[in-house]
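An overview of the molecular structure
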Amino acid sequence: MKTVIKRLVFLTTQTTCFLAIVAHSSNNQADSYSQAQLSSKINVADDSVVFPDDAITRTIQNTTQIKRISTSDQGDLPNQYQESQQRHYSESDFVNGGNLNLDPQFKDVDIKLEHKYHHFDQMTQYLRQTTARYPSLTALYSIGKSVKGRDLWVMVVSASPYEHMIGKPDVKYIGNIHGNEAVSREILLQLINYLVTNYNTDQYIKWLLDNTRIHIMPSMNPDGFEVSKEGACDGAQGRYNSQGYDLNRNFPDYFKQNNKRPQPETEAVKEWIKKIQFVLSGSLHGGALVASYPFDNSPNSLFTTYSHTPSLTPDDDVFKHLALTYSTSHAKMSKGVSCQSSQTSFRRGITNGAEWYPLTGGMQDYNYVWYGCMEVTLEVSCCKYPPAYELPKYWEDNKMALIKFIAEAHRGVHGFVFDVAGNPVEKASLKIKSRDVGFQTTKFGEFWRILLPGMYKLEIYADGFVPREMDFIVVDEHPTLLNITLHAAKVSNRKEGFYYRPPNSGFSRGPFVPPHQPVAQESGIFSSITNGLSNVFNYFG
C-alpha cells in the first residue's frame, strides 16, 4: 500500500488513468427493493479508498461483487486544461449494458419522489429504492440510531459512492436537526433525486459528482419529526428528540462547558465526523431565512444575550463568503426581508450566529473547532412545517443554492504531506498563519482548506519531523495544490509535547493549534520560487 501512495506526489500533476473500484449493489430478487444492500457495504470506521494506480487491481482479483470502472484517461486536469471532463466507459464496464447508472432489474421501474412529507418508513423506502436503482452513484448507510431506534440514514451521492477518492473532498448536508423543521428533510431528499437523475445530462452535476463525495443526512431527528404537526409554522412540538433534548445544543462547546447529557443522535454525528474528514458542511433548519456562520457562542455569552455582539472566527472572510454563496444563490434569502415584522432582518441574508443570538453546544462550532470542517447553518424556510403543497416552492427556492454551496469545497488549497521516502504523514497538524484554528491530514496525507484569493503561509507540524512553513497563492479560478515533504527531526531535537494544546479548551480535543516555531529552510524535490522559498504550487480545477 505504501508503494501505491508514494506515487501520489508524482501522479497528481500527470494525466494518469485512475481506477475507481466501486462495489456493485446486487440484488437477487428483482421484485423486492428491501433486498438492496445498504449500510453493510460501507464501513464508516475504515472507509475504503480509490488508489490512482491500476496495480491495485491485483489485490482485488478474488473479491466478490466488485465492479471496476475506468475513469477518463485525461485524469484530474481542470476544465481549462482539457477539452472535456466526460468519463469514457465501455459497454462491458456496466452490468446494464448501456445506461451508465441504472441497475438493469430496476431500469423500468419509475421511482417518483413526490412533493410531500415522508415519514420514517416512507423515507427509508425511497432511499432504499434509490440506492438499488442507482448503484454506481449512491450508497446508503446508517451512522447510528435515534433514541427510539430509528436509523440515522446517510446517502452518499458520488461517482465513487463506496470509496474515498484520494485527493477529492467529502462534504455533507444534515437536515431536520429540529424535528419540527421539516422543509430541510424534504429538500434534501429532492437534492438526492436531482443529483442522480441529472448526472448524465447536466455537465455541472457530472463534474460535481466526479470530483466530490456528497453525504446527505435527510433527518438527524427522526423521532422528533414523527410527533410534529404539518402546518405548524412556530412552536416547539417535535423540536427536541424523544428525551426532550435540543440536538443543536448538545455538542461540546469551545467557549464554555456544556453539561447537557449527550444524546444518541449527537454521539452518532460526533463519531461520524471523527472518522470521515469533511471539508464543508451545511446544517439545515427552518423558521427563518438566513445563512448563519460561526461562532454561535462567544467568550462573554452571558453578557451578550441582549447586545448581539458578533463572535468572529479566524476564518471570518471565508465563512461570510460561504454564507453569501448560499444566500445569493437562493431565490429570496439575499433580499434580507424578515419572515415576520417582529423578527430581525438580515443584510444580504447572512448573519454571524452569536450576533443573532448566542447559544452553547451548537453543531457548527463543533465541526469547525474540533475537526476543521467549515459548517454554515442554513435557515431555509420562514414556516417550520408548512403545508405539503408549498414544498415545490421551497425546493425551487433552495435548489441552486444547495448545489453551488457544495462546489465551494473546491476553493482554496489542498494537497498531500509526505516524508522524504514518499510515505504519507498522517495527522500532521496544519494551520494558515494568523488563523488559529487548525486542521489535520488524513491517513493518506491529504488536507484541504477553503480560502479566498490571496497570499498565505501554511504552517506544518508533525511529531518526529522538522516543522515547515510554505508560502502559496490562492486564485479564484481553481484550488491550489501543494505537495509537502517533511524531513525527520534529529533525535536530540525531539521533545515531548511537540503539539501545543491549550489547557481546558476545545482545541485540546480537536485540531491542534501549534505554537509559532522557527522553521528550518530546506531544499526539496520542488524548485524554488520567489523570495527563495522552497516550495511550489500547482493548480487544478
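Residues numbered from 1 in each chain as written. Predicted model: local features only at pLDDT ≥ 70, side-chain atom pairs only at ≥ 80, totals over all residues. Heavy atoms only, no water.

Some thoughts on the overall build of the protein
Just so we agree on the cut-off: For helices the rule is a DSSP run of H or I covering at least 4 residues; for strands it is a run of E covering at least 2, with both sets numbered from the N terminus onward. Think of it in three bands: with a 1.4 Å probe and only protein chains considered, a residue is buried below 20% of the maximum accessible area for its type, exposed above 50%, and partly exposed in between. We call two residues in contact whenever any of their non-hydrogen atoms come within 4.5 Å of each other. Reported accessibility uses the Shrake-Rupley method at a 1.4 Å probe radius. Residues are deemed covered only where the shown protein chains occlude them.
For the protein, the count of helices and strands is 11 helices and 20 strands. Every one of the 541 residues in the protein was classed for burial, and the buried ones make up 61%. Partitioning the intrachain contacts of the protein with sequence separation of at least 6 by distance along the chain shows that 75% fall at a separation of at least 24. Working note: accessible area of the protein is about 21,900 Å², and carbon and sulfur atoms make up 49% of it.

Overview of the packing of helix α5 (residues 203–211) against helix α11 (residues 391–407)
Cut-off, in case you're wondering: Every axis in this analysis is a line fitted to C-alpha atoms, fitted for helices over the stretch in contact. Angles between the N-to-C directions lie between 0 and 180 degrees. Orientation categories follow fixed angle ranges, with anything under 35 degrees roughly parallel, anything over 145 roughly antiparallel, 65 to 115 roughly perpendicular, and all other angles oblique. The hand of a helix crossing depends on one turn: near helix anticlockwise from the far one by less than a right angle means left-handed, and clockwise means right-handed.
Contact geometry for α5 and α11: axes closest at 11 Å, N-to-C directions at 45°. One finds that α5 runs oblique with respect to α11. Handedness of the α5/α11 crossing: left-handed. In this structure, α5 contributes Tyr204, Ile205 and Leu208 to the contact, and α11 contributes Ile403, Lys404, Ile406 and Ala407.

What about the sheet that holds strand β15 (residues 439–440)?
For the record, the criterion: Strand pairing requires that DSSP identify at least two bridges connecting the strands.
Judged by pairing direction, the sheet is antiparallel, and its 4 strands sit side by side in the order β15-β14-β17-β18 without closing on themselves. Single-partner strands in this sheet number two, and they are β15 and β18 (468–474). Relative to strand β17 (residues 454–461), strand β14 (residues 429–432) runs antiparallel, the two being bridged by 4 bridges. Within β17, the residue paired with Lys431 across the bridge is Glu459.

Regarding the environment of Pro161
Structurally, Pro161 is set in the loop between β5 (151–157) and β6 (164–165). Once the C-alpha coordinates of Pro161 and Thr212 are considered, the two residues, 51 residues apart in sequence, prove to be 9.5 Å apart.

Thoughts on the packing of helix α4 (residues 183–198) against α11
Our working definition: Three classes are used, and their members are as follows: Ala, Val, Leu, Ile, Met, Phe, Trp, Tyr, Cys and Pro are nonpolar, Asp, Glu, Lys and Arg are charged, and the others, Gly among them, are polar.
In contact at an axis separation of 9 Å, α4 and α11 are set at 60° when each is read in the N-to-C sense. Overall, the two elements α4 and α11 adopt an arrangement that is oblique. Of the two elements, α4 crosses α11, and the hand of that crossing is right-handed. Facing Val183, Glu186, Ile187, Gln190, Leu191 and Tyr194 of α4, the residues of α11 in contact are Leu391, Tyr394, Trp395, Asn398, Lys399, Leu402 and Ile403. When the residues that make up the contact of α4 with α11 are grouped by side-chain class, the tally is 9 nonpolar, 2 polar and 2 charged.

Side note on the environment of Thr138
Heads up, the condition is: In the analysis that follows, any N or O atom pair within 3.5 Å is treated as a polar contact, provided that within protein one partner can donate a hydrogen and the other can accept it, and provided that, for residues neighboring in sequence, both atoms belong to side chains.
Mapped onto the fold, Thr138 is located in strand β4 (residues 138–145). Sequence separation between Thr138 and Leu195 is 57 residues, and the spatial gap between their C-alpha atoms is 9.9 Å. The contacts of Thr138, once residues within four sequence positions are left out, are Thr130, Thr131, Met155, Val156, Val157, Pro161, Tyr162 and Val196. In terms of polar contacts, Thr138 uses its side chain to reach the side chain of Thr131, at 3.2 Å.

What to know about the pairing of β17
One ladder, built from 7 bridges, connects β17 with β18; its direction is antiparallel. If you follow Lys457 over to β18, its bridge partner there is Asp471.

Details of the pattern of salt bridges
Put simply, the rule reads: Between Lys or Arg on one side and Asp or Glu on the other, a salt bridge is scored when a side-chain nitrogen of the former is within 4 Å of a carboxyl oxygen of the latter.
Enumeration over the complete set of coordinates arrives at 24 salt bridges. With a shortest N-O distance of 3.0 Å, Arg239 and Asp246 are connected by a salt bridge. Taking relative accessible area as the criterion, Arg239 reaches 14% and is therefore assigned buried. With a relative accessible area of 11%, Asp246 lands in the buried category. One network of salt bridges, in which partners are shared, links Glu181, Arg239, Asp246 and Arg249.

Remarks on the pairing of strand β13 (residues 413–419)
Taken across its 7 residues, β13 has 7 buried, putting it largely inside the fold. Side-chain alternation along β13 places Val413, Gly415, Val417 and Asp419 on one buried face and His414, Phe416 and Phe418 on a second face that is also buried. Direction of pairing for β13 relative to strand β16 (residues 446–449): antiparallel, over a ladder of 4 bridges. Within β16, the residue paired with Gly415 across the bridge is Phe447. The pairing of β13 with strand β19 (residues 480–486) spans 7 bridges and is classified as parallel. Counterpart to Asp419 in the pairing with β19 is Leu486.

Considerations on the sheet that holds strand β7 (residues 170–174)
Taken in spatial order, the 8 strands line up as β4-β5-β8-β7-β9-β12-β10-β11 in an open sheet, and their pairing is mixed. Two strands lie at the open edges of the sheet, namely β4 and β11 (350–352), each paired on one side alone. Put simply, the sheet's adjacent strands are angled 25° from each other on average, direction ignored. Each of β4, β5, β7, β8 (213–217), β9 (278–285) and β12 (374–381) is contacted by α4, which is oriented at about 145° to β8, the strand it contacts most.

Fair warning: the whole summary comes from geometry, so function is off the table for now.
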